[in-house]
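If you want the building blocks of each chain, they are given just below.
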Amino acid sequence: MRVHAQRAGALLGGLMFPAWSMADWTLNMTPGVTGTSNEIFSLHMTILWICVVIGVVVFGVMFWSIFAHRKSQGAKPANFHENTLVEILWTIIPFVILVVMAIPATATLVDMYDTTESEVDIKVTGYQWKWQYEYINEDFGYFSNLSTPREQIENRQAKGENYLLEVDNPLVIPVGKKVRFLLTANDVIHSWWVPDFGVKKDAIPGFINETWTRVDKPGIYRGQCTELCGKDHGFMPVVVEAVPEEEYNAWVAEKKEAAERERQLTQKDWTLAELMERGEKAYQTACAACHQADGSGAPPAFPALKGSQVVLEDMAAHIDIVVNGVSGTAMQAFGGQLSEVDLAAVITYERNAWGNNTGEMVTPKEIFDYKNQQ
């Protein structure tokens, strides 16, 4: 009831104060922050004005003809049937217009598809419902997940400034460098779109699509998945942070060190409390969207983990499901998405949260050995 009242109030406010409600509206494209996006904007404006001129001329001649040669003034219709000159003119003039429009359009398209001589290469993989970024030449990668709190999504808190357009790990790129993106998907078709870059490219399972950008202005730029990819399609934002080269190099060094530390954690002796703490974070990021924060699930597609017989009784099956997924269902294989530490932590968390209380724990070393045995 409260939600309906809020919507009704917003609609009434928009009708009563149209100037306020339309303050952020625009009727045109925005130039963006890259050379490509500015070329697209310039091409758009060129074609727009050509269309405006054509419209003015055609409708001007048409309205003048209707007025000047109206029947009430005794005008007699002329016969243009099989008039060679007229037929030549209405063939040549549109052809010339198309050529004039095609020249700048072709130049822009050639530039958009030229991914050669890139200075940074990043593989972008779409998942339901997150993005994975792998820095090909730097030997590290990470996942980027929606960070908007569930309380905001479920209307228990006021919406933040970047509602549904904020992530835990943004894509970081250097300013002034040509960055090539290699796009694919792990499950269904996604689409990676950042309007300020003039970049929108489909991520298709089994295929690699290429695109590129060069950002000249530091800042944070936001986009979204624009291909309907499942129930959480609207919760799959793209956030790119463009930083100066020195800052980027320092960030890369820090990420590589963190990746190495993560690999070393596999050999650590973990306690149940430590795994539970880390597992709760991993669960909220990777699992809660489907199985719910309280483990109640959303049957039949997403079964409950709270009180599940597999979780409570069959550890081997539990590990296999989380690592390899379940074929023919919505359960993804997380063996390639999460580290051994996070896999062990989330399995341990599921076996001991929400009253499951098995007292059992899975170590990263066990996950590492299990994956190597397959």
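For clarity, every value in this text was computed on a predicted model and none was experimentally measured.

Caption draft 1: Broad picture of the overall build of the protein chain. Along the protein chain, the regular secondary structure elements total 12 helices and 10 strands. Relative to the globule expectation of 21 Å for 374 residues, the C-alpha radius of gyration of the protein chain, 28 Å, shows a markedly less compact shape. With respect to the principal axes defined by its C-alpha atoms, the protein chain has extents near 100 × 55 × 40 Å. Within the protein chain, buried positions represent 32% of all 374 residues. By sequence separation, contacts in the protein chain at least 24 residues apart represent 63% of the contacts at least 6 residues apart. Split by element, the accessible area of the protein chain, about 22000 Å² in all, is 60% carbon and sulfur.

Caption draft 2: Seen up close, a nonpolar patch on the surface. A contiguous nonpolar surface patch, about 640 Å² in accessible area, is contributed by Ile88, Ile92, Phe95, Val96, Val99, Val100 and Ile103. Take phenylalanine 95: it is sitting in helix H4 (residues 84–112). What makes phenylalanine 95 exposed here is its relative accessible area of 55%.

Caption draft 3: Quick peek at the UniProt feature "domain: Cytochrome c" (unreviewed entry) in the protein chain. UniProt's entry tags residues 274–354 with the feature "domain: Cytochrome c" (unreviewed entry), counted in the numbering of this structure. The span residues 274–354 is 56% helical and 0% strand by assignment, and the distance between its end C-alpha atoms comes to 17 Å.

Caption draft 4: Molecular detail of the pairing of strand E7 (residues 199–203). Burial along E7 is one-sided: the residues Val199, Lys201 and Ala203 are buried and none of Lys200 and Asp202 is. Alignment of strand E6 (residues 190–194) against E7, held across five bridges, turns out to be antiparallel. The residue of E7 that forms the bridge with tryptophan 193 is lysine 200.

Caption draft 5: Main features of the sheet that holds strand E8 (residues 209–213). Sheet architecture is open: five strands sit in the order E3-E2-E1-E5-E8, paired in mixed fashion. At either margin of the open sheet sits one strand with a lone partner, and together these are strand E3 (140–144) and E8. Strand-to-strand, the axes of this sheet are offset by a mean angle of 25°, without reference to chain direction. Where strand E5 (residues 179–185) meets E8, five bridges bridge the pair, whose relative direction is antiparallel. Looking across to E8, one finds that leucine 183 is bridged to asparagine 209. Packing against the sheet, helix H6 (residues 245–264) makes contact with strand E1 (120–127), strand E2 (130–135) and E3, and its axis sits at approximately 95° to E3.

Caption draft 6: Highlighting the sheet that holds strand E9 (residues 219–225). Across the sheet, five strands lie side by side as E4-E10-E9-E6-E7; this open sheet has mixed pairing. If you trace the sheet from one side to the other, it starts and ends with strand E4 (171–174) and E7, each paired once. Strand-to-strand twist in this sheet, taken as the mean axis angle between neighbours without regard to direction, amounts to 25°. Pairing of E6 with E9, which is carried by two bridges, proceeds in the antiparallel orientation. Bridge pairing links tryptophan 192 to cysteine 225 in E9. Sheet strands touched by H6: E4 and strand E10 (237–243). Its angle to E4, the strand with the most contacts, is close to 135°.

Calculation criteria
Residues numbered from 1 in each chain as written. Predicted model: local features only at pLDDT ≥ 70, side-chain atom pairs only at ≥ 80, totals over all residues. Heavy atoms only, no water. Helix = DSSP H or I, 4+ residues; strand = E, 2+ residues; numbered from the N terminus. Rg over C-alpha atoms; globule rule 2.2 N^0.38 Å. Buried < 20%, exposed > 50% of the residue type's maximum accessible area, 1.4 Å probe, protein only. Contact = heavy atoms within 4.5 Å. Areas by Shrake-Rupley, 256 points an atom, 1.4 Å probe, with all protein chains shown as cover. Patch = residues over 30% accessible without salt bridge, like charges linked within 9 Å, V, L, I, M, F, W, Y side chains within 5 Å. Salt bridge = Lys/Arg side-chain N within 4 Å of Asp/Glu carboxyl O. UniProt positions renumbered as here; feature names shortened; annotations may be inferred. Pairing = 2+ DSSP bridges. Axes fitted to C-alpha atoms, helices over the stretch in contact; angles between N-to-C directions.

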